[in-house]
Each structure stands twice: as C-alpha cells, then as structure tokens.
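Report on the structure
In case you want the letters, here they are:
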Amino acid sequence: MKIIPSKIEDSPRRDVHIDILKGLLVIQMIFAHCLQINGTGDYYGISPIANTVSFTGFTFCFGFATWKAYFSKSEIKYVKAIKTSIKCLLAYFISAIFHEVVRKGSGLSSILDILSFKILAGYSEFLLSFSLMIFIPIVFRRFIDISTNNEISLLIASAACSISTFYHPAAPHPLLGSLIGGDNFSYFPVISYFPIFMAGVYTSKKGRLPLAFCAIGFISLAFIQMPCRCNCRI
C-alpha cells in the first residue's frame, strides 16, 4: 500500500489518507466517550475496543505526521515541534481543569495541583501523553531515526520499549505514570505506545506499510502476556 501525498498546492506534503484516518478515529473516540460519560459504560464491550483502536490509531498517525512535519532529514523544525508540544500541554491543562473543577466539583484549589502535575485528570490524560510524545523526538531524534531505518531495527527498538509494560509502580508521579503506566490510574503510557509511534515514523519515511506492523503485533503480544494488573488505556 502506497502513501500518496495530497496534491493541494498550499500544502504539498500533507497526506489525505492520514487526515481521513484521524477523522474516523475522532468520531470513534467521541462515540466511545459518550457511552462512558453518559453512564452507559462498557456497552457490549464497545467502549474498551473503541478506545484501544482510537488511541493506537492516533499514536500511529502522530508518529507519521510528527516526523513528516518536523523531523525529516530535509528540514528539522525543532522550534515548531516544541510549540506544538506546548499547545498539547495547554490543551491538557484546559481540559483537566474543566474536568476537575466543573464536572467533578473539586474546587479551585485543584487547579494548582493540575498545573504542578500533582494530579492527573481523567478524560484529559491523553493530551499530556501526546505532548510528551512530540517532545521525545526533539531529544531522541537520532535514536528514532536509526530505529526506523529498517524493520529489524524497528523490532529491536520496540522490544526495548516493551520492557516498560512488565513493570508498573503502584502509585507513580503523574508524569512518570504518563511515561510507563501505573496501577492507580487509567494512564496512556507513552513508552509502551512508542513502538506504534515509531511504526508511524517508519511509514512516513518509507511511504509504505510492510513489516512495520510487526512492531505493533509485538507490543500487543507483550501487553497480552504481561500481568493484567496494569491500569492502562490498551
């Protein structure tokens, strides 16, 4: 399957297929969260499946789009990547404050706890993870570039990332939990999902979807085999 760039003149590098996929994932995620927020919960298993597919799909799209926009060899846009990471972080703060103050009625005192990362708000944690997911390539661009040169390197890097799926602190700091997961919250662990992010990077670089999905299969197998005590979004 070839990834065909859009022909729109003002955005020649934009990929229509990825945009369509992200749109479908947004619709799916909204549907799943409507079931959860309205008290329907696990309606015939729809919400867990939809959440798993949505967050996994978003991570893949994030890898594809982030590398293509900011970290390709032709032009590296560190400043723009940092700005995007900050925007995701601000979106997290806004969403988290609304959830804690308005929906849960925790009071204005919870705002400082959110801004200082003492607590991690529900229905918002993925925004913090996306912020971290954009920031990591800024620091580890060379490692990610090497890891996505071929399928073997991708699988080795995925195996290294999957180690974090076998250990989860009981009550980690929210930032640490956002990276490796934990038992006390429904985290979106960046390191655990990073093989999927790198599969998106690989697809962006190579323009095709071949054995890159072996990385996704490996990380999925790791999650299935690990102890089921992890409280993560997968």
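Reading the values: rules and limits
- Residues numbered from 1 in each chain as written.
- Predicted model: local features only at pLDDT ≥ 70, side-chain atom pairs only at ≥ 80, totals over all residues.
- Heavy atoms only, no water.
- Axes fitted to C-alpha atoms, helices over the stretch in contact; angles between N-to-C directions.
- Helix = DSSP H or I, 4+ residues; strand = E, 2+ residues; numbered from the N terminus.
- Parallel < 35°, antiparallel > 145°, perpendicular 65-115°, else oblique.
- Left-handed = near helix turned anticlockwise from the far one by under 90°.
- Contact = heavy atoms within 4.5 Å.
- Nonpolar A, V, L, I, M, F, W, Y, C, P; charged D, E, K, R; others polar.
- Core = buried A, V, L, I, M, F, W, Y, C linked by side-chain atoms within 4.5 Å.
- Buried < 20%, exposed > 50% of the residue type's maximum accessible area, 1.4 Å probe, protein only.
- Expected span 1.5 Å × (residues − 1).
- Bend = angle between axes of the 7 residues up to and from the residue.

1. Some thoughts on the packing of helix 6 (residues 151-162) against helix 8 (residues 190-206)
A pair of packed helices can be characterised by two numbers: the angle between their axes and the separation between those axes. Their axes nearest at 8 Å, the elements helix 6 and helix 8 cross at an angle of 165 degrees. Between helix 6 and helix 8, the angle falls in the class roughly antiparallel. For the pair helix 6 and helix 8, the sense of crossing is right-handed. When helix 6 is examined against helix 8, the residues Glu151, Leu154, Ala157, Ser158 and Cys161 are found in contact with a partner set consisting of Ile191, Phe194, Pro195, Met198, Ala199 and Tyr202. For the contact of helix 6 with helix 8, the per-class residue count stands at nine nonpolar, one polar and one charged.

2. Looking at the nonpolar core
Membership of the largest hydrophobic core comes to 46 residues, with the highest contact counts inside it found for Tyr92, Phe130, Met133, Phe188, Phe194 and Met198. Of all the secondary-structure elements, those providing two or more residues to this core are helix 1 (16-37), helix 2 (46-71), helix 3 (78-103), helix 5 (125-147), helix 6 and helix 8. The residues touching Met133, leaving out its near neighbours within four places in the chain, are Thr59, Phe188, Val190, Tyr193, Phe194 and Phe197.

3. Quick notes on unusual backbone geometry
Non-glycine residue Phe117 carries a positive phi angle of around 60 degrees. Within the secondary structure, Phe117 is located in the loop between helix 4 (109-115) and helix 5.

4. Considerations on helix 5
Its 23 residues give helix 5 an end-to-end C-alpha distance of only 27 Å, which falls more than 12% under 33 Å, the value for a rise of 1.5 Å per residue. Its maximal kink placed at Phe140, helix 5 deviates by approximately 90 degrees. Here helix 5 lies mainly inside the structure; 17 of its 23 residues are buried.

5. Details of helix 8
Compared with an ideal rise of 1.5 Å per residue, which puts 17 residues at 24 Å, helix 8 spans 23 Å between its outermost C-alpha atoms and is within 8% of the ideal. Ile196 marks where helix 8 bends most, by close to 30 degrees. Counting buried residues along helix 8, 14 of its 17 residues qualify, which places the element largely inside the surrounding structure. Note on helix 8: the residue one or two positions beyond its end, Gly207, has a positive phi of about 75 degrees.

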